[in-house]
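Residue-level structure breakdown
The residues making up each chain are set out below.
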Amino acid sequence: MDYKILLIKYAEIGTKGKNRYVFEEMMCKRMRARLKPHGKFEVRREYGRIFVEAFSDYDFDDVMQALGTVFGIVGICPVRVVEDLTYESISKAVCEYIGEEYPDKNFTFKVNARRNNKSFPKTSMELNCDLGADLLNCYQDLKVDVHKPDVLLQVEVRNVAYIYSRTIPGPGGLPVGTNGKGMTLLSGGIDSPVAAYMIAKRGVSVEAVYFHAPPYTSERAKQKVIDLAKLVSQYAGPIKLHIVNFTDIQLAIYDNCPHDELTIIMKRIMYKMAQELALENDCQCIITGESIGQVSSQTSQSLYVIDRAADKLPVFRPCIGLDKQEIIDISEKIGTYETSILPYEDCCTTFVAKHPVTRPSLEAIEKSEQALVGKIEDLYKKAIENIEVVNCW
Ligand code: ATP
Ligand code: MG
């Protein structure tokens, strides 16, 4: 069944006081963009509510999926509209609605009517009683439960009447674009796309940087990261992906630094470059996919030493307290898992030492990095100058 109107519910935006309309507008903008391929829709704010009105046929599941990617939405209620504002028409529509919506009538219900249109002759209380009685007459198996009903039937009488009872859950969060922008270190793995998704869910727009080391990492590995950025962009909006050729830097580290410190030193250079790109592109934070203790470079000491390389911006790691399985569950939910598990090489694993340090000291690492002075500056500059940008959406 197609519904002409969808009522959009949000939660946290409601606490934003005077700024609330900024959040609502941003959410409407994202909804319009996501609905565009699915038909003709109007998204509007009305009576402190957000409504979607359909002006063409549409596929219900596709539209629910599209709206399910818009952060800020906590619920979507498909609404039946009654244009003829008489009690008889509303009552008839309510009975038809319950008839069609709930084939099995063995449940309890409560009518929750709201008469905002004061010219309508019945009060909210009268509507509750009379519509409840009409429903009991129509369907003998129904029972009323005013405390814990199985079905709470909402009836709103405005210039038309709205009937609804179901809520399809939305993704929650805050609309993307309401909390600045972050630079994600995006690899082809499972964790960093989830990290980007989680930060985008808090309203942060996302850019991304991928460090690629041809010929040690393949074109396929790069394409995989582009594909992942496109998948995340379904939620986060368009993502500008910066692809850095990291090979020469990596070889210089390999040739000049102790091998048990390779990963840490490499990560420090990645973070430093990510910070530079972030500042150039108006990002206020760096986002990565580490989870504490997952591998040697993700111990507290390692993360401390890596963080010192990016000292001008906060580094956000939303997966930090999640188990691998919890991260996998999110990646499955958002549709990145299948792509993330495709076989690929990452520059971090290509040059990995057999026994990497797990408790690096900042002094020791900085001392080892001295060996790069005079050798790496030009390579660093060249890598920045030759960045390839791919706009993913
Ligand atoms: P992921 O699943 O995100 O690849 P991981 O478990 O493989 O993470 P590491 O390889 O230690 O962990 O990387 C930690 C984080 O560093 C990643 O989550 C990502 O944010 C960043 N990172 C690693 N490799 C790259 C890369 N080649 N390009 C950009 N960022 C990277
Ligand atoms: Mg990885």
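Not measured: the values here are computed from a predicted model. (Residues numbered from 1 in each chain as written. Chains lettered and ligands numbered in written order. Predicted model: local features only at pLDDT ≥ 70, side-chain atom pairs only at ≥ 80, totals over all residues. Heavy atoms only, no water.)

**Comments concerning the packing of helix 8 (residues 262–280) against helix 13 (residues 362–369)**
Their axes nearest at 11 Å, the elements helix 8 and helix 13 cross at an angle of 80°. When the axes of helix 8 and helix 13 are compared, the pair comes out roughly perpendicular. Residues I264, I265 and R268 of helix 8 pack against L362, I365, E366, S368 and E369 of helix 13. When its residues are assigned to classes, the contact of helix 8 with helix 13 shows four nonpolar, one polar and three charged. (Axes fitted to C-alpha atoms, helices over the stretch in contact; angles between N-to-C directions. Helix = DSSP H or I, 4+ residues; strand = E, 2+ residues; numbered from the N terminus. Parallel < 35°, antiparallel > 145°, perpendicular 65-115°, else oblique. Contact = heavy atoms within 4.5 Å. Nonpolar A, V, L, I, M, F, W, Y, C, P; charged D, E, K, R; others polar.)

**Quick notes on the packing of aromatic side chains**
Under the defined criterion, the tally for this structure stands at eight aromatic pairs. Here F71 and Y235 contribute two aromatic rings whose centre-to-centre distance is 5.9 Å and whose plane-to-plane angle is 25°, an arrangement assigned as stacked. Placement of F71 in the loop between helix 2 (60–67) and strand 4 (73–82) and of Y235 in helix 6 (residues 219–236) is noted, with a sequence separation of 164 residues between them. By relative accessible area, F71 is classed as buried at 2%. Here the aromatic cluster, defined as three or more aromatic residues joined through ring pairs, consists of F71, Y197 and Y235. The residue whose ring lies beneath K105 is Y139, and the NZ or CZ to ring-centre distance is 5.0 Å. Between K272 and the ring centre of Y380, over which it is positioned, the NZ or CZ distance is 4.7 Å. (Phe/Tyr/Trp six-rings, centres within 6.5 Å; stacked < 30°, edge-to-face > 60°. Buried < 20%, exposed > 50% of the residue type's maximum accessible area, 1.4 Å probe, protein only. Lys NZ or Arg CZ within 6 Å of the ring centre and 35° of its normal.)

**A few points about unusual backbone geometry**
Looking along the chain, the bond that leaves P214 and enters P215 is cis, with omega of 0°. The residue P215 is located in the loop between strand 11 (205–212) and helix 6 in this model.

**What to know about the nonpolar core**
Taken as a class, soluble globular proteins show a tendency for nonpolar side chains to be buried jointly. Core analysis: the largest hydrophobic core is formed by 38 residues, its most contacted members being V244, I253 and I269. Put simply, the parts of the chain that give this core at least two residues each are strand 10 (181–185), strand 11, helix 7 (247–256), helix 8, helix 9 (300–307), helix 13 and helix 14 (377–385). Sort the elements by how many residues they give to this core and helix 8 lands first, with eleven residues. Within the second largest apolar cluster, 34 residues are counted, among which are I199, V232, I243 and I287. (Core = buried A, V, L, I, M, F, W, Y, C linked by side-chain atoms within 4.5 Å.)

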